[in-house]
Amino acid sequence: MINVGLNHFLIVSGILFSLGLYAVVTRKNAVMVLMGIELILNAANINFIAFSKFGNLGLTGQVTALFVIVLAAAEAAIALAIVLNIYKTFNNVNVDEIDHLKD
Amino acid sequence: MDLTNLYTSLSYILPEIAVSAALILIVALDLIFNKDKRIIPYVALFGILLTIYFVIDQFRISGFAFPASDANNFYGMIAVDHFGAFFKIIILISSFFIVFFSLASEEIQKIQEKSGEYYALMFGMILGMLVMISASDLVLIYLSLELLSLSSYVLAGFTKLRDRNSEASLKYLIYGAVSSGLMLYGISILYGLTGSTNLYVINSVLQGPNINVFTLAFSLVLIFVGIGYKISAAPFHFWTPDVYEGAPIAITAFLSVASKAAGFALLIRFIRTTFVTLVDDTSGYWHLVNSFDWKTILVIISILTMTLGNFSALWQNNIKRMLAFSSIAHAGYMLLGLVVFSNQGLIAILVYFFFYMFMNLGAFLVVMLIANKSGSENVEDYNGLGYTSPFLAASLTIFLVALTGLPPTAGFIGKLYIFIALVDAQMIAVAVIALLNTVVSLYYYVRIIKHMYLSKAEANQITIVPDKFTFALVLALLIPVLVFGLYFTPIIDLAKNCITILGL
């Protein structure tokens, strides 16, 4: 039985962060990009909670994580509404195809 | 925290309370008067005026709302000081103008049945910006930044009249959500590194030994991504031209002035409270902690920002898009005021922002009035406008000259103070680069003036005669630009009084 410590949590959060960033950069579908962003937010949440538990920093980190969860929900609601609006206008949600400004 | 403490704190955040109350009132009125929404803009104006009253009141006080104190220090979540009050005034004056812009804008008037939601979202933005300006806790900074962003994503695509509105809102959302996500990750690392989310505590930790420099640099770069996106500094500026072009013009003007002002206030307060160890009393220079080299990074970013902005603006045919690049370039100039790291540079930024507000809002207003009639923002459609619509063309000329920074307009004074601050700090090379950039910017501003006065008008060139209301609105922005170009001492004095940031 290994002892789970701060480093384990930080490694998990680092992996989540990298996966999220990878999804943002490579995915074409707007919904997938949004899922990547959720991964980044949750990686930060893990950091907050791990630091607050193992660093004996009081409850600030855990409360912050709660705030972030609420904010992520609000952001997802608005983001999906905007993506829905995009789908109605352009009939697809591929980020790289929606590039009509500039011309 | 006991109850009396809480009451004192509430008296420090009266402007924020007034904005929240106005927001709730607008939502309620939207439900009550669901047939006739004409009253809502006036409620919004009243709410903004009331908030301005409370902010002016804040020039008398300074202190921390929601304080926490340990043995040696006294700090809090919200710092109420003169610096914050100055930026709050800028935000509120521009919001005041934006309400009038919305009343004059055809785009916004077409969706009058949704004006309740429109103004509610606008007040969401204002609330986010006000909190962002005085926030001195990383959690509060992140929350207010998101409140501002979430409201502005929706407003950027609000009218849905054209495809480009939805595209603008999607691009704003994707870039914004990614950069704020990165910023949150940076905040979480900084929290782990220093053990606190409060800027004042972080400051005292950073002054001590045993800071891992690489981790600190990593977290600060991530945090700067979030702030840099708000002030559209290169290389985080890619959203700016698309969003500015696609969004309704009233919202574009709001984003380019108010949202940028809030971003700058946040950046300045973040650096000033977190990294400054000592402010020299006589010379006013700030001494920063050694563990992170802000100066080099900010010099590079500001030069990159203004050069990219100015050179990309050269070949834009859409005026909104050109103004977007020009606003990127202006962010670069204003960053130069910060890299000096002195009280003098801070005064220069405040003065510049005050004037930038009038000239940029003015330019967008004239472009909007022309687009109302002609439905186009292309530079070719401005041919001969100087003869068919002399008043609008003349005022646009003055605003563009002011944006270039030529005398006798207010823009000149703003640039002058930035350059003086740079030269006084022995940063001659940077000042020369900024000066050359100004010369480049002259080309694309004058190009519009050339189209208005020297190009031959097409036979069907429209004639725009502003009515009394829009005439007064243009004058309200034009007169400050001209008057402050000659009589600028009151603004300089005001700025000198507003450099106090709570802290060291």
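Note that the structure is predicted; figures quoted are calculated from it, not measured.

1. Focus on the overall build of chain A
Step number 1: In terms of regular secondary structure, chain A is built from three helices and zero strands.
Step number 2: Along chain A, helices (α) and strands (β) appear in the sequence α-α-α when read from the amino end.
Step number 3: Taken against the 2.2 N^0.38 rule, which gives 13 Å for 103 residues, the C-alpha radius of gyration of chain A at 17 Å runs more than 25% over that of a compact globule.
Step number 4: Principal-axis analysis of the C-alpha atoms gives chain A an extent of 55 × 25 × 25 Å.

2. Let's talk about the overall build of chain B
Step number 1: Counting secondary structure elements, chain B contains 21 helices and four strands.
Step number 2: Its C-alpha atoms give chain B a radius of gyration of 22 Å, within 12% of the compact-globule value 23 Å for 504 residues.
Step number 3: Here the C-alpha coordinates of chain B stretch approximately 75 × 60 × 40 Å along the principal axes.
Step number 4: Of all 504 residues assigned to chain B, the portion counted as buried reaches 59%.
Step number 5: Partitioning the contacts of chain B with sequence separation of at least 6, the portion at a separation of at least 24 is 78%.

3. Some points on the interface of chain B and chain A
Step number 1: The interface is formed by 31 residues belonging to chain B together with 32 residues belonging to chain A.
Step number 2: For the side of chain B that touches chain A, the elements supplying multiple residues, two or more each, are helix 7 (138–156), helix 8 (163–194) and helix 11 (239–246) of chain B.
Step number 3: Of the residues forming the side of chain B that touches chain A, the biggest block, 18 residues, is contributed by helix 8 of chain B.
Step number 4: Here the side of chain B that touches chain A is built from residues that sort into 15 nonpolar, nine polar and seven charged.

4. Focus: the packing of helix 15 (residues 343–374) of chain B against helix 17 (residues 390–404) of chain B
All names here are of chain B.
Step number 1: Between helix 15 and helix 17, the least distance of the axes is 9 Å, while the angle of their chain directions is 145°. Considering how the two elements wind past one another, helix 15 and helix 17 form a crossing that is left-handed. Every residue of helix 17 that contacts helix 15 at Met359, Asn360, Gly362, Ala363, Val366, Leu369 and Ile370 is listed here: Leu392, Ser395, Leu396, Phe399, Leu400, Ala402 and Leu403.
Step number 2: Of the residues in the contact of helix 15 with helix 17, the class split is 11 nonpolar, three polar and no charged.

5. Quick word on the environment of Phe101 of chain B
All names here are of chain B.
Step number 1: Looking at the secondary structure, you find Phe101 in helix 4 (residues 82–104).
Step number 2: Along the sequence, Phe101 and Thr470 sit 369 residues apart, while their C-alpha atoms lie 8.8 Å from each other.
Step number 3: In contact with Phe101, not counting residues within four places along its chain, are Ala250, Ala253, Leu365 and Met368.

6. Some words on the environment of Ile46 of chain A
Residue and element names in this part refer to chain A.
Step number 1: Note on placement: Ile46 falls in helix 2 (residues 30–54).
Step number 2: A tally of 18 C-beta atoms within 10 Å means that Ile46 is categorised as partly exposed.
Step number 3: For Ile46 and Gly14, which are 32 residues apart along the polypeptide, the C-alpha to C-alpha distance reads 9.5 Å.
Step number 4: Setting aside anything within four residues of it in sequence, one finds Ile46 in contact with Phe9, Val12, Ser13 and Leu16.

7. Brief notes about the nonpolar core
All names here are of chain B.
Step number 1: Formed by 215 residues in total, the largest nonpolar core has its most connected members in Tyr352 and Phe353.
Step number 2: Element by element, the count of residues in this core is highest for helix 15, at 23 residues.
Step number 3: Among residues more than four places away in sequence, those in contact with Tyr352 are Tyr333, Met334, Gly337, Gly414, Tyr417 and Ile418.

8. Quick word on the confidence of the model for chain B
Step number 1: Taken over all residues, the pLDDT of chain B has a mean of 90, while the share at 70 or more is 97%.
Step number 2: For this predicted complex, the interface confidence reaches an ipTM of 0.96, while the overall pTM sits at 0.94.

9. Considering helix 2 of chain A
Step number 1: Across its 25 residues, helix 2 of chain A extends 36 Å between first and last C-alpha, which sits within 8% of the 36 Å expected from 1.5 Å per residue.
Step number 2: Two residues or fewer past helix 2 of chain A, Asn56 of chain A is found with a positive phi of approximately 50°.

10. Quick notes on the packing of helix 15 of chain B against helix 21 (residues 489–497) of chain B
For any two helices packed against each other, one specifies the inter-axial angle together with the distance between the axes.
Residue and element names in this part refer to chain B.
Step number 1: It is at 9 Å that the axes of helix 15 and helix 21 come closest, and there the two elements cross at 130°. On the basis of their axis angle, the class for helix 15 and helix 21 is oblique. Here helix 15 runs over helix 21; the crossing is right-handed. Seen from helix 15, the contacting residues are Ile347, Leu350, Val351 and Phe354; seen from helix 21, they are Ile491, Ile492, Ala495 and Lys496.
Step number 2: By residue class, the composition of the contact of helix 15 with helix 21 is seven nonpolar, no polar and one charged.

Criteria and thresholds
- Residues numbered from 1 in each chain as written.
- Chains lettered and ligands numbered in written order.
- Predicted model: local features only at pLDDT ≥ 70, side-chain atom pairs only at ≥ 80, totals over all residues.
- Helix = DSSP H or I, 4+ residues; strand = E, 2+ residues; numbered from the N terminus.
- Rg over C-alpha atoms; globule rule 2.2 N^0.38 Å.
- Buried ≥ 20, exposed ≤ 12 C-beta atoms within 10 Å, placed from the backbone.
- Contact = placed C-beta atoms within 7 Å.
- Nonpolar A, V, L, I, M, F, W, Y, C, P; charged D, E, K, R; others polar.
- Axes fitted to C-alpha atoms, helices over the stretch in contact; angles between N-to-C directions.
- Left-handed = near helix turned anticlockwise from the far one by under 90°.
- Core = buried A, V, L, I, M, F, W, Y, C linked by C-beta atoms within 7 Å.
- pLDDT = per-residue confidence, 0-100.
- Expected span 1.5 Å × (residues − 1).
- Parallel < 35°, antiparallel > 145°, perpendicular 65-115°, else oblique.

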